[in-house]
Amino acid sequence: MDRRSFLSRSAAQAGALITASTALSSLVGCGGGDAGSPVGPLPATFPGSSTPLPGTSAASGTFKFPQSVASGDPKPDGAVLWARVVPSTADDVASATGAGSYNVTLKISSAAGNAALLGTTAALTGSTDASAEVPVYEFYDHTLRHRIGGLQPATVYYYQFTAGSSVSRIGRFKTAPAADADIAALNFAFISCQDWSVNHWAGLDALAAENIDFVVHLGDYIYEAVGADYQAGGVESAHAALALPNGTTLPTGGKYATTLADYRYLYKRYRTDRRLQNLHERFAFVAIWDDHEFSDDCWQDRETYDNGTFNAATGVGDNTAQTPRRLAANQAWFEAMPADISFTLDPGQGITGIRIYRDLKFGKLMHLVMTDQRLYRADHLIPEAAPNPLTGQPLGSIGARYMVPQATLQQVEAAKLQAGTTLPDPLALVSVLGAAQRQWWVQTMTTSTAQWKVWGNEVSLLRMGMDGSQIPTAPAAFKAKFVLNADQWDGFNAERKYLMGQLLAKGVKNVVAVTGDIHAFYAGVVMADYDAATPVPAMVDLVTAGVSSNSNFSYFYNAATQPSFAALKPLVATSEAEAEGIAIQMLSAAIAQAAGVTDLGNTAAIQAAVQAAILAGKVPAAAFAPTASLSRSIVNTFDETQNGAMGTLLAGLIAGLAGSGRSAAAMTLYGLIKQSLAAALGIPANLVPAAEIVKRLNPFANPATGAAPPVNNPWIKHVDSDAQGYAVVSLTKTDLTCTFKKMARQVGGTAPTTPVASTKTARVVAGVTDVTVVG
């Protein structure tokens, strides 16, 4: 045998049926790579199951690969390869029940000539670097996962499966650099939240053309819900409506995946999209899950579609456990993903029979640490079924997980920390990671010798808050500090503080999280303690928008249009017409105060003062009438609410209306402020600086000084809350740059031919815990 001949063996690895083969040791010696995991004989049954493992023979006849091929978890000596193989007469998505099990042949080549054949069913050309007979089992829905080892590090390989007389498309992956390789650069992309049912997937074609080494997928690869209220809006015509084989009706309409058949259906249907196939064919994925691979805002095996239960005597709540559903979701994820993980069907292991948290090294330059933030997490701090103090009704998601009073979160967390002092893990009741994973994370991060420690992190570490006390028109219930999203790390502050404290105590530098989940772009600095008098930076968080899911802005906009949140709507969105309405309110308040009205909640007194001013000729009546011709197009103010001076856009809109003469209210308010400043400064009105007037057009500013309200989240350096897209990271020894790529909209069911509408670049300099944003 020559140097490119192979020894092929198969094994069940780490409790999961991931077959494996390895190259001859001569190939490993040439590259200096890790020899990989040992291989051995196949077990008698499927791991953790009493179901016998059937014998297999070579597939004969014609077959197809309806979900194409995929690769994942690149190591210096290989990767995990994936395919689903069914008879050619089978349906592309439905399970091929009764088709049996069989072997297919895998071939791998590093021949560069295969680059032109990538994604085609032409025969793989050039010398064969590896080959193996790989079993395909009906038990796993005819999916295969094969770990190949013994390859050269930092090398591009092409692979193809043969089943009977049929071949798969040619796929490609690049092995990781050797662990001790002193590489100069590395490129990867990170994505999340690819909802089939809304917007479009044209961005996947743009991503497939990027110059990257691999893709990090941070979860929400599928959405368990079909027809849910949060999936409202247009979708490209290429995505037909989904139809779950079983499904359970959601409280708000639509259905959610419930059975193994449901979850399998979603993965298979999603991966019939040629653009997603194309991306998998070109790059290895390093994937973890978030919530929608099981259930929206889930924790462990609990769903949050309903409010669950609450014990008023103990103050303890719970959500509905759906253990069989969780187990089905776990198995479907294992079957669908090319991931080097452990999985067992052993009933004694329960829902934790799968472990997806893991780390991968890319030479000396980067250590990638992937965590699981759903399977081990504690309940949200505040139960959804807890009573609203104002109405007595259950809080629901708003009040328990979203728009949560910060003081309430702190009180409940303190109580749970106190209760935790009697437990083996003091953070057990306030944890995202769980004790074992937390210990592993700390050990991995604090002992890593890589230049960059990159954390594959599902939910954002950035505090995203809002100070309602800065809003003059807000009802008393909103005059407090709020956390916008307590399903993120903001809802688990004690554990976040512990992790950040470990980084600071051990002097760990150059830690950057790549994050998904929230359907928006963010770049910011994670503080060790956000509540400290002088917060100390610990690491950086870079957050990508969803590939297609509806934006974070759209969710808050929908909430802000409800009557109970009307007073807060200017913090989320406005328009020319609504800005004029605010100008009328400001003008009315100013007139009332000048007339001696001290209670600005007294509507009758304000109206009387305004009417008196009109009758006295001080202001025109037209200043209090809406202008019908003004635009009602939505203007996003949510971004500046999160990291800018609130009201700046509103002030600009009112000034623009005054300057263009299109609003009597804006012109009158502008003139009133100008006259007031001229009198106070003792100068002619025409000498009053326009900038000073515009400051006072801000409804949240100090009307006397024009001082803007404090910035809500100064650690956030960039936010684009109304976006879909992906992010590309480039690392060198001296810096890490992340380019956010925002997608153009679909129009009338047609995805854009030029998907990328705009870009923004964030930069982190080695040794400096900060991020700057340009472009």
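Here the residue index of a chain counts from 1 through its sequence in written order. Residue-level local features of this predicted model are given only where pLDDT is at least 70; pairs of side-chain atoms are given and counted only at 80 or more, and the full residue set underlies all totals for whole chains, interfaces and linings. As a rule here, side-chain values come from all non-hydrogen atoms in the structure, and water together with hydrogens is ignored.

Chemist: So what about the sheet that holds strand S30 (residues 521-527)? Which residues, and what values?
Modeler: Hydrogen bonding along the main chain pairs the strands of a sheet, whether they run parallel or antiparallel. Pairing within the open sheet is mixed, and its seven strands lie in the order S23-S24-S26-S29-S31-S30-S34. Taken across any chain shown, the strands that pair with only one partner, and hence form the sheet edges, are strand S23 (358-362) and strand S34 (716-720). Taking the axes of each pair of neighbouring strands and ignoring which way they run, one obtains an average angle of 20° across the sheet. Should DSSP find at least two bridges between two strands, the strands are taken to pair. By definition, any uninterrupted DSSP run of H or I lasting at least four residues is a helix, any uninterrupted run of E lasting at least two residues is a strand, and each is numbered from the N terminus. One ladder, built from four bridges, connects S30 with S34; its direction is antiparallel. What sits directly across from Phe521, in S34, is Asp720. Here, residues are in contact when the closest pair of their heavy atoms is within 4.5 Å. Here the axes come from fitting lines to C-alpha atoms, over the contacting stretch only for helices, and the angles between their N-to-C directions go from 0 to 180 degrees. Contacts between helix H8 (residues 435-447) and the sheet are confined to S23, strand S24 (366-370), strand S26 (452-457) and strand S29 (511-515), with S24 contributing the most and set at about 175° to the helix.

Chemist: Pulling in residues and values, what's your account of helix H14 (residues 648-660)?
Modeler: Expected helix span is taken as 1.5 Å per residue step, with the number of steps being one fewer than the number of residues. For H14, built from 13 residues, the straight-helix expectation of 18 Å at 1.5 Å per residue is met to within 8% by its first-to-last C-alpha distance of 18 Å. Among the structural elements, strand S32 (573-574), helix H11 (576-594), helix H15 (664-681) and helix H16 (690-696) are those in contact with the buried residues of H14. Phi for Gly661, located one or two positions after H14, is positive at around 70°.

Chemist: With reference to specific residues and values, describe the packing of aromatic side chains.
Modeler: The pairing test for Phe, Tyr and Trp rings, Trp by its six-membered ring, is centres within 6.5 Å, and the orientation test on the planes gives stacked under 30 degrees, edge-to-face over 60, and tilted for anything in between. Following the criterion strictly, the structure yields 29 aromatic pairs and no others. Through pairs of rings, three or more aromatic residues link up here, namely Phe46, Tyr137, Phe139, Tyr140, Phe334 and Phe343. Here, over-ring charges are defined by two tests on the NZ atom of lysine or the CZ atom of arginine: distance to the ring centre within 6 Å, and angle to the ring normal within 35 degrees. Just above the ring of Trp289 sits the side chain of Arg326; from NZ or CZ to the centre is 4.8 Å.

Chemist: Could you give an account of the nonpolar core, naming the residues involved and the relevant values?
Modeler: Grouped burial of nonpolar side chains is what soluble globular proteins tend to show. The biggest cluster of nonpolar side chains holds 187 residues, and the ones touching the most others in it are Trp441 and Leu542. It is H11 that contributes the most residues to this core, nine residues altogether. Excluding residues within four positions of it along the chain, Leu542 makes contact with Phe190, Val512, Ala513, Val514, Thr515, Tyr522, Ala523, Leu736, Cys738, Phe740, Ala762 and Val771. Listed in part, the 25 residues of the second largest apolar core include Ile148, Tyr157, Phe161 and Ala284. In plain words, nonpolar cores are sets of buried Ala, Val, Leu, Ile, Met, Phe, Trp, Tyr and Cys residues tied together by side-chain atoms within 4.5 Å. Remark: exposure states derive from per-residue accessible area (1.4 Å probe, protein chains only) relative to the maximum for the residue type, with buried under 20%, exposed over 50%, and partly exposed in between.

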